Amino acid sequence: MSGQPFSLAIGDVDKLGPSGYPRLMPRNYMHYCPPGMGGWGIVRVGLLVPESVMLFVSPAACGRHGAIAGFQLGFKKRLFFFHISENDMVTGQHLEKVIQAAGEIINTIKPRLRALIICATCVDDLLGSDYDAIALRVEAEHKIPVRICHMDPITREGKTAPEFSVQQAVYSFLPVSKERERSVNIIGNFAPIDQDSEFHGLLLSVGFEKIRHIAACSSLEEFYQMGRSSYNILLKHPGHLAARDLQRGHGIPFCFAPPAYSIDTITAVYEQLGEFLGHKLPLESYREEALEELKQYRLSLGRICIAVGESINASPFELARALAEYGFNVPYIFADNILPFDKEHIRWLQYKRPETRVFPNMHPTMVGFLENSPEVDLAIGLDAGYYCSGARVVPHSLDVQPYGYRGVLNLMRAMVQTLSRPRDHREQVYASSIVI
Amino acid sequence: MEGLYKFLPPFAPDYSGVCSVLFELGGMLVIHDAGGCTGNFTGYDEPRWYGSASAVFSSGLRERETILGDEEQFMRRLQDAAEAMKPSFITILGSPAPMVAGMDYRAVAAAISRRTRLPVLTFDTDGMKKYDVGQSEAFLKLARSFVNPRFPESQDSPQVNIIGATPLDIGSKRAIEGLINQIEKAGFSNISCWGTGSSRDEIAGAAQAKINIVASWSGLAAARYMLASYQTPFYVGIPVGTRPGILFRRDIRRLAGLAEDSPPTAVCRVGKDPRKTLVIGEQVMSNALRTCLQMDFGLEQVQVATFLNLDESLRDEADFILKCEEDLAVIAAQKNYDLVIGDPLYEEALDLKGETRFIKLAHPALSSRLFWDHYVDLFGEGGTSFFAEHLEP
């Protein structure tokens, strides 16, 4: 088969859709699913709720990747499947059976679960099945909180795409509280901010002793405490609907403060965050220290060539800009989506690095990309690592949360370590449990 | 409760079975889905995906398109991709969402074939059936659509077709090579393994083969079709173990009309072993394991159970189908097996008590990437060594 891989000059990327959530790939194309592309699936995000289990309701096929990834991640005892039969789906009987299945799980699983998430899929969207009514019945019968989430990629380009709606479902467990504590919640991402980040010291310096994150909560009660925090800090775009719901329903305002890797962008994000919290954050010493350490890393790494992918804990465009600012050569970006936050970084790249080329991961012509895999020293992201087959790969996954100035330095350290001790990329991909 | 699974993941679905068979044949495989089904196959059901240039795509189906039944968008995308990729044929596979909308795949295929002037295969898969059904339909379609009885005979024409050996059942490329090696030992060359290693030309010339070897239940329908259409005899079975290996080689030579190499003097049963044994898995593989246990180790009471299809003609009286996950614990409690052999994921669901020993033998169609890199040499003497190690008291 043939087909030159489709790509865009960075300048053409800037001309795409004015706002919102445009895709880099032309709309009317088949989708390719390269190894290394993907992220946390709906199952994994849903099961962030402490002491919860998930009942996944679908035709058997739909649960397979979530099940295997879940088993790899150790969720086997918290993940159950109800396979819908064609007969039951046609007659609508599967909805009654979901209630029975939920009851059986609640009554038989030891220790008894504290919360249940029922995950429905595309077929129930199309059938218009009323899962909210099911949640109410199961709640009433078994006296535990029940929420509904959807793994329905047919809605992916809509306003309630599954990666957004699952976070709405997760945070909808939080009870409304009239009490307010001087604490902040970190939401939208999947791991607490790294303990070595200056973020903790900065917030402590302005009086926020408690920083909460769902993944750090060991019980449902501890998770409920997030409903008492004064502010939500949203780190990732897919948490936007949840943040909006918590603002409207719980009165907790939110600020979007994504992890960034350019020193100037980090500073700007912190300044915006300080304004939101009503305090100027004392950044200077942390900034100076980071700049000093960066010099050492730049010397040690040299002017290496880097490809940046999208399956990373960053905006690929912001990260590419940051790396270019630090003097690295970043000729290739592999990405499918553009978020509002990306725009200014795309423009920077267009102005300062117009030779940068962007390859949509999912374009069908990418199937032949390996035939002429470009030579780069380092790839950041498992997707970029796949396409640049000779590169050493920093996965930069979502499993931990680097942040701020320390986040950049940790990334530089990971780059140095990867160059000296590379890992097999195939093993990295299959160990990562990422799902499309 | 039927339909509720507390321990087991879903098996690889029907569309993965089809894709597994067609993966290496140079076509463009399009799963009409929103992306997740294609991700299932590429990420979790196809160990050959990493580094492959096979064109397997998701149609990128979206809600509005499904509800409105807008098949034109799908056809345009397909046509554009075909123009860019220039495949030798196109395959369209269904998934759960278009199944709800009742899409007419045959009509779409006819329209696409007219527009692209390419052969188009369609499979009405829906993600509700298991992979063995998809594989079976794909092998049968290869036999019906690609085998050409007038294909010019040459020195390279296949002597043997293996039908039914895919990574989902047999495992890694190395395992399939082990099977081919046993057939070569029987004196055959030019062995064409449909779905893994064979080209479209080899399949086109398949009617010239002396014999078809059915390596899984999925290969049966195609082998029966080849017998009826081209009088190609078929042998069902794979040679696990030393004595079964000798018999296998003798039997396929006989069936192919070749003279005996040497009399099978080594084929005799060893002493009796009373241990009651259950093998859980795909029927042809499970039967082969049973034959090895019986012939090489003297185990007399070996039953086969499966969540997949069982062919009546290959079934022992005591063999049975498992309808739901709960059946595993029920039969384990009722029948007091001494040995159970199956994928490692069955162990917890069986809830084995007392002295029952569980021997792990991964089945990629169930446990996917969790164990697909764990190679076990089963064919010929390898099978005897494997069980000798695991059957020791």
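Residues numbered from 1 in each chain as written. Chains lettered and ligands numbered in written order. Predicted model: local features only at pLDDT ≥ 70, side-chain atom pairs only at ≥ 80, totals over all residues.

Q: Before we go on, may I ask you to explain the overall build of chain B in this structure?
A: Counting its secondary structure elements, chain B contains 16 helices and 14 strands. Relative to the compact-globule value of 21 Å for 393 residues, chain B shows a C-alpha radius of gyration of 22 Å, a close match. Classification of the 393 residues of chain B by burial places 56% in the buried group. A separation of at least 24 residues holds for 72% of the contacts in chain B among residues at least 6 apart in sequence. (Helix = DSSP H or I, 4+ residues; strand = E, 2+ residues; numbered from the N terminus. Rg over C-alpha atoms; globule rule 2.2 N^0.38 Å. Buried ≥ 20, exposed ≤ 12 C-beta atoms within 10 Å, placed from the backbone. Contact = placed C-beta atoms within 7 Å.)

Q: Where do I start with the overall build of chain A in this structure?
A: Scanning chain A from terminus to terminus reveals 18 helices and 15 strands. Taken over C-alpha atoms, the radius of gyration comes to 22 Å for chain A, in line with the 22 Å a tight globule of 436 residues would show. Its C-alpha atoms put chain A at 65 × 60 × 40 Å along the principal axes. Considering only residue pairs separated by 6 or more positions, chain A has 74% of its internal contacts joining residues 24 or more positions apart.

Q: Sorry, what's going on with the packing of helix H7 (residues 131–145) of chain B against helix H10 (residues 220–230) of chain B here?
A: Residues and elements named next belong to chain B. Packing of H7 against H10 leaves a shortest axis separation of 7 Å and a crossing angle of 25°. In this view, H7 runs roughly parallel relative to H10, as classed from their interaxial angle. Viewed along their axes, H7 and H10 form a crossing whose handedness is right-handed. Together, Ser136, Phe139, Leu140, Leu142, Ala143 and Arg144 of H7 and Ala221, Ala222, Tyr225 and Met226 of H10 make up the contact between the two elements. Within the contact of H7 with H10, the residues separate by chemical class into 8 nonpolar, 1 polar and 1 charged. (Axes fitted to C-alpha atoms, helices over the stretch in contact; angles between N-to-C directions. Parallel < 35°, antiparallel > 145°, perpendicular 65-115°, else oblique. Left-handed = near helix turned anticlockwise from the far one by under 90°. Nonpolar A, V, L, I, M, F, W, Y, C, P; charged D, E, K, R; others polar.)

Q: Can you walk me through the interface of chain B and chain A in this structure?
A: Much of the literature gives interface size as the accessible area that the parts lose upon coming together. Listed per partner, the contact involves 55 residues of chain B and 52 residues of chain A. Listed by contribution, the elements that provide at least two residues to the side of chain B that touches chain A are strand E1 (4–5), helix H2 (36–45), strand E3 (55–58), helix H3 (63–68), helix H4 (71–85) and helix H5 (96–101) of chain B. Ranked by the residues each element gives to the side of chain B that touches chain A, the list is headed by H2 of chain B, at 8 residues. Its residues assigned to classes, the side of chain B that touches chain A comprises 29 nonpolar, 17 polar and 9 charged. Judged from the 2 bridges that link them, strand E4 (residues 79–83) of chain A and E1 of chain B form a sheet pairing that is antiparallel. From the neighbouring strand, Phe82 of chain A faces E1 of chain B, where its bridge partner is Leu4 of chain B. (Pairing = 2+ DSSP bridges.)

Q: What exactly am I supposed to notice about the sheet that holds E3 of chain B here?
A: Through backbone hydrogen bonds, the strands of a sheet pair up, either in parallel or in antiparallel fashion. The mixed open sheet is built from 5 strands, whose spatial order is E2(A)-E3(B)-E2(B)-E4(B)-E5(B). Pairing within the sheet leaves two strands with one partner each, and these edge strands are strand E2 (31–32) of chain A together with strand E5 (120–123) of chain B. Examined bridge by bridge, E2 of chain A and E3 of chain B share 2 bridges and lie antiparallel to one another. Looking at the pairing, Tyr32 of chain A lines up with Phe57 of chain B of E3 of chain B. Most of the contacts of H4 of chain B go to strand E2 (residues 28–31) of chain B, to which it runs at about 155°, and overall it touches E2, E3 and strand E4 (90–93) of chain B.

Q: Which parts of the structure should I look at to understand the sheet that holds strand E6 (residues 160–163) of chain B?
A: All names here are of chain B. Spatial ordering of the open sheet is given by E7-E6-E8-E9, a layout of 4 strands whose pairing is parallel. Each end of this open sheet is capped by a strand with a single partner; those strands are strand E7 (191–193) and strand E9 (234–236). Put simply, the sheet's adjacent strands are angled 20° from each other on average, direction ignored. As paired strands, E6 and strand E8 (residues 211–214) are joined by 4 bridges and run parallel to one another. Its bridge partner being in E8, Asn161 is matched across the sheet by Asn212.

Q: Quick question: what am I supposed to make of the nonpolar core here?
A: In globular proteins that are soluble, nonpolar side chains generally tend to be buried together. Leu55, Ile118 and Cys119 of chain A together with Leu179 of chain B are the most contacted members of the largest nonpolar core, which has 270 residues in total. Ranked by residue count, the leading element in this core is helix H12 (residues 283–297) of chain B, at 8 residues. The contact partners of Leu179 of chain B, leaving out residues within four places of it in the chain, are Ile162, Ala165, Ile170, Ala215, Ile238 and Phe379 of chain B. (Core = buried A, V, L, I, M, F, W, Y, C linked by C-beta atoms within 7 Å.)

Q: Could you clarify how one ought to interpret the domain arrangement of chain A in this entry?
A: All names here are of chain A. Domain assignment breaks chain A into domain 1 (8–36 + 286–432), domain 2 (50–171) and domain 3 (181–277). In this structure, domain 2 and domain 3 have C-alpha centres spaced 28 Å apart. Contacts between the two partners involve 11 residues from domain 2 and, on the opposite side, 16 residues from domain 3. For the side of domain 2 that touches domain 3, the element with the highest residue contribution is helix H8 (residues 162–171), accounting for 7 residues. (Domains from an automatic or database assignment.)

Q: Whenever I open this one, the confidence of the model for chain B confuses me. Can you help?
A: Note: predicted coordinates in regions of low pLDDT should not be interpreted at a detailed level. Considering every residue of chain B, the mean pLDDT works out to 94; 97% of them sit at 70 or more. Here the predicted complex scores 0.96 on pTM and 0.95 on ipTM. (pLDDT = per-residue confidence, 0-100.)

Q: Would you take a moment to explain the domain arrangement of chain B for this structure?
A: Residue and element names in this part refer to chain B. Parsing chain B into structural domains produces domain 1 (14–129), domain 2 (160–255) and domain 3 (273–391). Computed over C-alpha atoms, the centres of domain 2 and domain 3 are 23 Å apart. With 26 residues of domain 2 in contact, the opposing surface of domain 3 contributes 27 residues. The leading source of residues in the side of domain 2 that touches domain 3 is helix H8 (residues 173–185), at 5 residues.

Q: Could you clarify how one ought to interpret the environment of Val184 of chain A in this entry?
A: Residue and element names in this part refer to chain A. By secondary structure assignment, the location of Val184 is in strand E7 (residues 181–187). For Val184 and Lys210, which are 26 residues apart along the polypeptide, the C-alpha to C-alpha distance reads 6.6 Å. Leave out the neighbours within four places in its chain, and Val184 touches Leu203, Phe208, Ile211, Ser229, Ser230, Tyr231 and Ile233.

Q: What is the right way to read the environment of Pro239 of chain B from this model?
A: All names here are of chain B. Structurally, Pro239 is set in the loop between E9 and helix H11 (242–255). According to the C-beta neighbour criterion, Pro239 is buried, with 30 such atoms within 10 Å. Considering only alpha carbons, one finds Pro239 and Ile183, 56 residues apart in sequence, at a separation of 9.1 Å. Beyond its immediate chain neighbours, meaning those up to four positions away, Pro239 contacts Gln182, Pro244, Gly245, Phe248, Phe379 and Gly380.

Q: Is there a simple way to think about the pairing of E8 of chain B in this case?
A: Note on strand geometry: in a regular strand, side chains alternate between the two faces of the sheet. Residue and element names in this part refer to chain B. Residues Ile211 and Ile213 line one face of E8 and the alternating positions Asn212 and Val214 line the opposite face, and both faces are buried. For E8 and E9, the ladder comprises 3 bridges, and the chain directions are parallel. Among the inter-strand pairings, Ile213 is bridged to a residue of E9, identified as Tyr235. With H10 bridging E8 and the parallel E9, this β-α-β connection has right-handed handedness. (Right-handed = clockwise from strand over helix to strand, strands pointing away.)

Q: What's the story with the environment of Thr116 of chain B in this structure? I'm lost.
A: Residues and elements named next belong to chain B. When you line up the elements, Thr116 lands in helix H6 (residues 105–116). A count of 20 C-beta atoms within 10 Å places Thr116 in the buried class. Each C-alpha atom, one on Thr116 and one on Ala82, is 7.4 Å from the other, the two residues being 34 residues apart in sequence. Apart from residues no more than four positions distant in its own chain, Thr116 is found in contact with Gln79, Ala82 and Ile90.

Q: Could you clarify how one ought to interpret unusual backbone geometry in this entry?
A: Among all residues save glycine, negative phi is the norm, and among peptide bonds the norm is trans. In this structure, the amide linkage connecting Lys110 of chain A to the following residue, Pro111 of chain A, adopts the cis form with an omega of -5°. Position of Pro111 of chain A among the secondary structure elements: in the loop between helix H5 (94–108) and strand E5 (115–121). Positioned with a positive phi, Gln231 of chain B is a non-glycine residue whose angle comes to about 60°. A positive phi angle, near 55°, is found at Ser368 of chain B, a position not held by glycine. Along the chain, the position of Ser368 of chain B falls in the loop between helix H15 (364–367) and helix H16 (381–391). According to the C-beta neighbour criterion, Ser368 of chain B is buried, with 30 such atoms within 10 Å.

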